[in-house]
Amino acid sequence: MIQTKIGLNKKIVAEISRIKNEPEWMREFRIRAYDIFQKKPMPSWGADLSKIDFNSITYYLKAADKSTTWQSLPQEIKETYDRIGVPEAEKKFLAGVSAQYESEAVYNSIKRELNKQGVIFCDMDTAVKKYPQLVQKYLGTLVPFHDNKFSALNSAVWSGGSFLYIPRGVKVKLPLQAYFRINTKSFGQFERTLIIAEEGSFAHYLEGCTAPIYKEQSLHAAVVEIFVKKNAHVRYTTVQNWSKNIYNLVTKRARADENAVMEWVDCNIGSGVTMKYPAVYLAGRGATGTMLSIAYAGKNQHQDAGAKMLHLAPDTTSRVIAKSVAKSGGRATYRGLVNISPGAINAKASVTCDTLLLDGKSRSDTYPVMNIKEESAIFEHEASVEKISEEKLFYLAARGIPKEDALGLLVNGFIDPVAKKIPLEYSIELSRLINMEMEKI
Amino acid sequence: MISIKNLSVSIEGKKILNDISFDFKTGKTYALMGPNGSGKSTFASAIMGHPDISYSSASKILFDKRNIKNLSADKRANLGIFLSFQTPLELPGVSVFALLRLALEKKITPIALREKIKVYAAELHIKEELLKRSLNDGFSGGEKKKLEALQAVMLTPRFALFDEIDTGVDTDAIKIIARFLKKYLSPKTTSVFITHSTRFMRYTQPQEVLVIKDGRLVKTGKDTLAKKIERDGFKNL
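Residues numbered from 1 in each chain as written. Chains lettered and ligands numbered in written order. Predicted model: local features only at pLDDT ≥ 70, side-chain atom pairs only at ≥ 80, totals over all residues. Heavy atoms only, no water.

Caption draft 1: Fine view of helix H7 (residues 171-184) of chain B. Residues and elements named next belong to chain B. The first and last C-alpha atoms of H7 sit 20 Å apart over 14 residues, in line with the 20 Å expected at 1.5 Å per residue. For H7, the complete set of buried residues consists of Ala173, Ile174, Ile177, Ala178, Phe180 and Leu181. Seen from one end, H7 has its buried residues packed into an arc of 160°, which puts them on one side. Turned more than 90 degrees off the buried face of H7, the exposed positions are Asp172, Arg179 and Lys183. Each element contacted by the buried residues of H7 is listed here: helix H4 (110-123), helix H6 (141-154), strand S8 (159-163), strand S9 (190-194) and helix H8 (198-204). (Helix = DSSP H or I, 4+ residues; strand = E, 2+ residues; numbered from the N terminus. Expected span 1.5 Å × (residues − 1). Buried < 20%, exposed > 50% of the residue type's maximum accessible area, 1.4 Å probe, protein only. Arc of directions from axis to C-beta. Contact = heavy atoms within 4.5 Å.)

Caption draft 2: Here's a closer look at unusual backbone geometry. All names here are of chain B. The phi angle at aspartate 19 is positive, at roughly 50°, despite the residue not being glycine. Note on placement: aspartate 19 falls in strand S2 (residues 14-24). On the basis of relative accessibility, which here comes to 42%, the residue aspartate 19 falls in the partly exposed class. If you check the backbone angles, glutamine 205 has positive phi at about 50° while not being a glycine. Here glutamine 205 is to be found in the loop between H8 and strand S10 (208-213).

Caption draft 3: Seen up close, the packing of aromatic side chains. Using the criterion set out here, one finds 24 aromatic pairs over all chains in the structure. Centroid distance Phe24(B) to Tyr30(B): 4.9 Å. Interplanar angle 85°. Geometry classified as edge-to-face. The class for Tyr30(B) is buried, based on a relative accessible area of 0%. Between Phe24(B) and Phe159(B), the ring centres sit 5.3 Å apart and the planes meet at 70°, which makes this aromatic pair edge-to-face. Highlighted residues: Phe24(B) in strand S2 and Phe159(B) in strand S8, separated in sequence by 135 residues. Across from the ring centre of Phe37(A), 4.3 Å away, lies the NZ or CZ of Lys149(A), which sits over that ring. Over the ring of Phe414(A) we find Lys323(A); its NZ or CZ atom is 4.7 Å from the centre of that ring. (Phe/Tyr/Trp six-rings, centres within 6.5 Å; stacked < 30°, edge-to-face > 60°. Lys NZ or Arg CZ within 6 Å of the ring centre and 35° of its normal.)

Caption draft 4: Quick peek at the interface of chain A and chain B. The interface of chain A with chain B comprises 18 residues on the first partner and 30 residues on the second. Where chain A abuts chain B, roughly 1900 Å² becomes buried across the two surfaces, and 71% of that area is made up of carbon and sulfur atoms. Of all residues in chain A, Phe394(A), Tyr395(A) and Arg399(A) give up the largest surface area on contact with chain B, accounting jointly for 39% of the area buried on that side. Counting across the chain A and chain B interface gives one salt bridge. The residue Arg399(A) makes a salt bridge to Glu148(B) at a minimum N-O spacing of 2.8 Å. Those elements that provide at least two residues to the side of chain A that touches chain B are helix H9 (390-397) and helix H10 (403-419) of chain A. Looking at which element gives the most residues to the side of chain A that touches chain B, the answer is H9(A), with seven residues. In terms of residue class, the side of chain A that touches chain B is made up of 10 nonpolar, two polar and six charged. (Buried area = accessible area lost by both parts, 1.4 Å probe. Salt bridge = Lys/Arg side-chain N within 4 Å of Asp/Glu carboxyl O. Nonpolar A, V, L, I, M, F, W, Y, C, P; charged D, E, K, R; others polar.)

Caption draft 5: Summary view of a negative patch on the surface. A surface patch of negative charge is lined by Glu390(A), Glu391(A), Glu12(B) and Asp52(B). Residue placement: Asp52(B) occurs in the loop between helix H1 (40-48) and strand S4 (53-55). (Patch = residues over 30% accessible without salt bridge, like charges linked within 9 Å, V, L, I, M, F, W, Y side chains within 5 Å. Areas by Shrake-Rupley, 256 points an atom, 1.4 Å probe, with all protein chains shown as cover. Lys, Arg positive; Asp, Glu negative; His and termini not counted. Charge placed at Lys NZ, Arg CZ, Asp CG, Glu CD.)

Caption draft 6: Looking closely at the packing of helix H3 (residues 96-103) of chain B against H4(B). All names here are of chain B. Contact geometry for H3 and H4: axes closest at 10 Å, N-to-C directions at 130°. Accordingly, the angle class assigned to the pair H3 and H4 is oblique. Crossing of H3 against H4: the hand is right-handed. Contacts between H3 and H4 involve Phe97, Leu100 and Arg101 from the first element and Pro110, Leu113, Arg114 and Ile117 from the second. For the contact of H3 with H4, the residue count by class is five nonpolar, no polar and two charged. (Axes fitted to C-alpha atoms, helices over the stretch in contact; angles between N-to-C directions. Parallel < 35°, antiparallel > 145°, perpendicular 65-115°, else oblique. Left-handed = near helix turned anticlockwise from the far one by under 90°.)

Caption draft 7: Summary view of the pattern of salt bridges. Residues and elements named next belong to chain A. For the coordinates displayed, the defined rule picks out 27 salt bridges over all chains. Between arginine 363 and aspartate 365 there is a salt bridge, with its nearest N and O atoms 3.1 Å apart. A relative accessible area of 12% means that aspartate 365 is categorised as buried. When salt bridges with common partners are traced through the structure, they connect Glu207, Lys252, Asp266 and Lys276 into a single cluster.

Caption draft 8: Highlighting the pairing of strand S5 (residues 60-63) of chain B. Residues and elements named next belong to chain B. Bridge analysis of strand S1 (residues 2-11) against S5 gives four bridges, and the strand direction is antiparallel. Across the sheet, the residue bridging to isoleucine 4 is isoleucine 61, located in S5. Of the pairings in the sheet, the one linking S5 to strand S6 (residues 66-67) comprises two bridges and is antiparallel in character. Among the inter-strand pairings, phenylalanine 63 is bridged to a residue of S6, identified as arginine 66. (Pairing = 2+ DSSP bridges.)

Caption draft 9: Main features of helix H1 (residues 10-19) of chain A. Residues and elements named next belong to chain A. Every buried residue belonging to H1 is among Ile12, Val13, Ala14, Ile16 and Ser17, and all of these are buried. The N-capping residue of H1, defined by a side-chain oxygen 3.0 Å from the backbone nitrogen of lysine 11, is asparagine 9. In the segment just after H1, asparagine 21 is the residue with positive phi, at about 60°. (Polar contact = N/O pair within 3.5 Å; in protein donor to acceptor, adjacent residues only side chain to side chain.)

Caption draft 10: Highlighting the sheet that holds strand S11 (residues 216-221) of chain B. All names here are of chain B. The sheet built from six strands is open, its strands ordered S7-S8-S9-S3-S10-S11 with mixed pairing. The sheet is open, and its two borders are formed by strand S7 (81-84) and S11, each paired with just one other strand. For this sheet, the mean angle separating the axes of adjacent strands, direction not counted, is 20°. Sheet topology note: the S8/S9 ladder contains five bridges and is parallel. Within the sheet, the bridge partner assigned to alanine 160 lies in S9 and is serine 191. The strands that H1 touches are strand S3 (29-33), S7, S8, S9 and S10; relative to S7, the one it contacts most, it runs at about 145°.

Fair warning: the whole summary comes from geometry, so function is off the table for now.
Set out below in structure tokens:
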């Protein structure tokens, strides 16, 4: 097992690059990012991040050698995957797998058809070595390292993550999946994902995160960049179930060119603190951006999530549907931005935020920022907060359904408009996670 | 089967039912009548176990001779008590199928459940499309009550309370609902229909009529009692 010393300095950043045997340009990228990380202040406008101690984290840890088949995966990983239902999902849906064990992808298999079509699907470390021109052209151009403290941190110490390249006109019908988990206590995971969808192509990328529970705090700071070219269509689905002690601070951004479609489907169930606002830059005429999100905040959880839609071109459309659930003192925050630039003629934007509170202790806040600089723009915003009524629980009780099951049914019903957009296996898993949460006090 | 003894209940400190005693017999059909606000719905809620209801210490609800006064509503339902709501609740994102699948989880496979629901829905003239939608969300009065009837039959209760299943429903639908319940509820099921309509009683044919007024059980009698009430009202009871 190879790992760096606890804490972070320039030497450790260089060591990560050395261990990975990276080209010089990547080493420089990391070092420059590290300098910016040091200068950047902690964001103070959102969730409480004061307890993060950057010096108590191990930034790089390699756990297993790469394996290309399911059989060769370590037993421990398989067991965890079994519990969360991964093998079944794989059998039916997988077109290619990139499962991350700690900071390194250990399992990476691509179906032959994908190769034939010219689709590249591999982990980022491999991409840096095998496809340096592509990586250099795009990496850090949508999420530059000076974007925020955590994008800088990720750029300095990133490890693993997926690289997906879909050539012009190629439509990948099956969802491409990647599984991430954190396995060592106080170990930060910093995966980096880059997706390039060339003109007229289609892909659905799916990531599901689960992690066992640890006592110490841990950090997950990922960066995802997606380039959706003219007439292309990308859907990116996340089912996030990090353990409750994890800070999940993720920067996700996509650029949609002319008539391109970018869809985020984002489900945040786990983690202690999440700050995540996937963005779509609607850069080309007629581009569409969608965000469908589910956030669940239970005891000691703060989900601070939302979406950013930036209308930069005429006839662009964006739609945000955010469903938040808070229980047992949890806090669900919707924080979103819709920006319609001058000249984005006939832009259309709609934002719907619905919150379901399961008790009086829990909290929800909505911060929808709208910045409309174009007169012809059409903008709609709706927000609702509902408390689960005793009458509904009684109605279900009169059908023999006990309270915990009734809550599960009602919460799953509430998130259904988003949950039904997720492939079946995942939505079943999600539904099971919700039901498990409802059983807790 | 259910024996009510000295039932006195209050909601938020306000006394609603006063010392009601009555024996419901297995397989018999009852009509429960009374002026608005007399406590009929509270009577049904008290038997079902609404959490807001407080029972006097003397109150007993004996189900197969066991006092169920302190059982929660879901436990009573699992013993075989059912309540059809006067105003069925809207459940966004929850179809009748999802609800019944959960309620009958251990009793029937999802496929058999779906088939059964379809058959009953056809009998009740419920559009199939309605079965997939959020239960009661945007449904008409008749549709809501038909789905209450469907749930009643699916759950095979031993003691079923129907709180005004005939209100907000057009004449044709009333007939359909009443006939459906007669046909598909087990002959061993004890049914109690809270109603204002003697027409509805012609279809359900209760063997006994109970009248609650000001929280008290003031009169019981045969179906002729219902006709008398239709003619003279409740004032002389």
